[in-house]
Amino acid sequence: MMQILAISGSLRAASTNTVLLNATATLAPENLRVIVYPSLADLPHFNPDLDSDAPKAVKDFRSQLAKSAGVIISSPEYAHGVPGVLKNALDWLVASGELYEKPVALFSASPRATFAQASLTLTLSVMSVRLIEEASVVVPLLGKKADESSVLADPGISKAIHSALVTFAHAIDLVGTESKQNM
C-alpha cells in the first residue's frame, strides 16, 4: 500500500483546506493510504543552528515524509502568499532532503488562492520536488460552511478528488519505475 502524507497549510480548526484533506483521505483508492499530518503547529521556528540536531517534532515530521511515497499540500492564501507556518515547515526540509525528487500534488480549497499556489510552486521547485500538476486540484470550498461530509456528498468535488488521487498514484508509480531504470 502506498502512503501519502497530506499537509494543510492552515492551523484553523475549521480550515477548508484541512476539510479538503480529510475528505481526500476518505476518498483514497484501496491502494493508497492518505495520512493528514496533524502536527504542523508543533514545529518550532526554523533555526539553521538546530538543523543538524533537530528538535523531536522536526525529526517526527521528517520521518513521516521519508516514509511517504508522495505528498499532498493544501494551503490557504494569506497576504498573497503561503501561511508562515507552512513556509516554516518547508524550511526545515531544505537541507535534510526529505522532499528531494518526491512527488507532490497541490490541492486548494479556493480558486482565488493563485498567489499562494504560485509562491508554493516556486518554493517547491527550488527544493527539487516532482510537482505533479495533472494531479493537482482546486475545489471551490471557500465561503461555504463545508465539512468533510458535505465534501464527500458533492459528486463533482468527490469525483475530482478521487480522480486526482488516481492520477497522483499513477504518477508516483511512473517516478518509481524511472528511478529503477536509472540505477
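Just so it is clear, the model here is predicted, and its values are computed rather than measured.

As for the overall build of the chain
Across its full length, the chain carries six helices and six strands. N-terminal to C-terminal, the α/β element order of the chain is β-α-β-α-β-α-β-α-β-β-α-α. A compact globule built from 183 residues would reach a C-alpha radius of gyration of about 16 Å, and the chain, at 16 Å, matches this within 12%. Expressed as a percentage of the 183 residues in the chain, the buried residues total 47%. Sequence-distant contacts in the chain: of pairs separated by 6 or more residues, those separated by 24 or more amount to 83%. Of the roughly 9,200 Å² of accessible surface on the chain, a fraction of 55% belongs to carbon and sulfur atoms. For the chain, the distance from the average position of its 14 positive side-chain charges to the average position of its 17 negative side-chain charges is 3 Å.

Side note on helix α2 (residues 56-66)
For an α-helix, the turn length of 3.6 residues means that residues three or four places apart are oriented alike. Residues of α2 that are buried include every one of Val58, Phe61, Arg62 and Leu65, and no others. What you see down the axis of α2 is that its buried residues fit within an arc of 95°, all on one side.

A look at the packing of aromatic side chains
If you walk through the whole model with that rule in mind, you get two aromatic pairs. Their ring planes at 45° and their centres at 4.8 Å tell us that Tyr37 and Phe61 sit as a pair that is tilted. Taken together, the positions of Tyr37 in the loop between β2 (32-36) and α2 and Phe61 in helix α2 put the pair 24 residues apart, joining distant regions of the chain. The same class applies to Tyr37 and to Phe61, which are both buried. Aromatic side chains Phe46 and Trp92 sit 5.0 Å apart centroid to centroid with 85° between the ring planes, which places their arrangement in the edge-to-face category. Separated by 46 residues along the polypeptide, Phe46 in the loop between β2 and α2 and Trp92 in the loop between α3 (84-91) and β4 (103-108) bring together distant segments of the chain. What makes Trp92 buried here is its relative accessible area of 0%.

Structural notes on the nonpolar core
Ile4, Ile72, Phe107, Leu141, Val151, Ile161 and Phe168 are the most contacted members of the largest nonpolar core, which has 30 residues in total. Where this core is concerned, the elements lending two or more residues are β1 (2-8), α1 (16-27), β2, β4 and α6 (155-181). By residue number, the principal contributor to this core is α6, which donates eight residues. Once residues lying within four places of it in the same chain are set aside, the contact partners of Phe168 are Ile4, Gly70, Val71, Ile72, Pro103, Val104, Ala105, Ile132 and Ala135. Counting residues in each nonpolar core, the second largest holds 26 residues, with Val71, Leu99, Leu120 and Leu124 among its members.

Regarding helix α4 (residues 114-126)
For α4, with 13 residues, the first-to-last C-alpha span of 19 Å sits near the 18 Å given by 1.5 Å per residue. After α4 finishes, the residue Ser128 shows a positive phi value of roughly 60°.

Some details on the pairing of β4
Burial analysis of β4 places six of its six residues in the buried class, which makes it a mostly covered element. A two-sided burial pattern is seen for β4, the buried positions comprising Pro103, Ala105 and Phe107 on one face and Val104, Leu106 and Ser108 on the other. For the handedness criterion, the β-α-β arrangement of strand β3 (residues 70-74), α3 and β4 is classed as right-handed. Direction of pairing for β4 relative to strand β5 (residues 130-131): parallel, over a ladder of two bridges. Note on β5: the bridge partner recorded for Val104 is Leu131.

Here we look at the environment of Ser10
Take Ser10: it is sitting in the loop between β1 and α1. Its relative accessible area of 8% is what places Ser10 among the buried residues. C-alpha separation for the pair Ser10 and Pro76, spaced 66 residues apart in sequence, amounts to 6.5 Å. What Ser10 contacts, discounting residues up to four positions off in sequence, is Ser15, Thr18, Pro76 and Tyr78. In terms of polar contacts, Ser10 uses its side chain to reach the backbone amide nitrogen of Arg12, at 3.2 Å. Of note is the side chain of Ser10, whose polar atom sits 3.4 Å from the side chain of Ser15.

Each value, and the rule that gives it
- The numbering scheme is per chain: residues are counted from 1 as the chain's sequence reads.
- At least 70 in pLDDT is required for a residue's local features to be given in this predicted model, at least 80 for side-chain atom pairs to be given and counted, and no such filter applies to totals for whole chains, interfaces and linings, which use all residues.
- Side-chain metrics in this entry use all non-hydrogen atoms of the structure; hydrogen atoms and water are not considered.
- To qualify as a helix, a DSSP run of H or I must reach at least 4 residues; to qualify as a strand, a run of E must reach at least 2; elements of each kind are numbered from the N terminus.
- Only C-alpha atoms enter the radius of gyration; for comparison, a globular chain is expected to reach 2.2 Å times N to the power 0.38, where N is the number of residues.
- Whether a residue is buried, partly exposed or exposed follows from its accessible area with a 1.4 Å probe, protein chains only, as a fraction of its type maximum: under 20%, in between, or over 50%, in that order.
- For this analysis, residues touch if any pair of their heavy atoms sits within 4.5 Å.
- All accessible-area figures derive from a Shrake-Rupley calculation using a 1.4 Å probe, and residue coverage is judged against the displayed protein chains alone.
- Charged residues are defined here as Lys and Arg on the positive side and Asp and Glu on the negative side; His and the ends of the chain fall outside this count.
- For charged residues, the charge sits on one atom: NZ in Lys, CZ in Arg, CG in Asp, CD in Glu.
- The arc under discussion is defined with respect to the helix axis, by the directions toward the C-beta atoms.
- Stacked, tilted and edge-to-face are the three classes assigned to paired rings of Phe, Tyr and Trp, where Trp is represented by its six-membered ring and a pair needs centres within 6.5 Å; plane angles under 30 degrees give stacked, over 60 edge-to-face, the rest tilted.
- Within this scheme, the nonpolar core is defined by two criteria: the residues are buried Ala, Val, Leu, Ile, Met, Phe, Trp, Tyr or Cys, and they are joined through side-chain atoms within 4.5 Å.
- A helix is expected to span 1.5 Å for every residue after the first.
- Whether a crossover is right-handed depends on one test, that the path from the first strand over the helix to the second runs clockwise when the strands point away from the viewer.
- By this definition, two strands are paired if DSSP reports at least two bridges between them.
- For this analysis, a polar contact is any N or O atom pair within 3.5 Å, provided that within protein one partner can donate a hydrogen and the other can accept it, and provided that sequence-adjacent residues contribute only side-chain to side-chain pairs.

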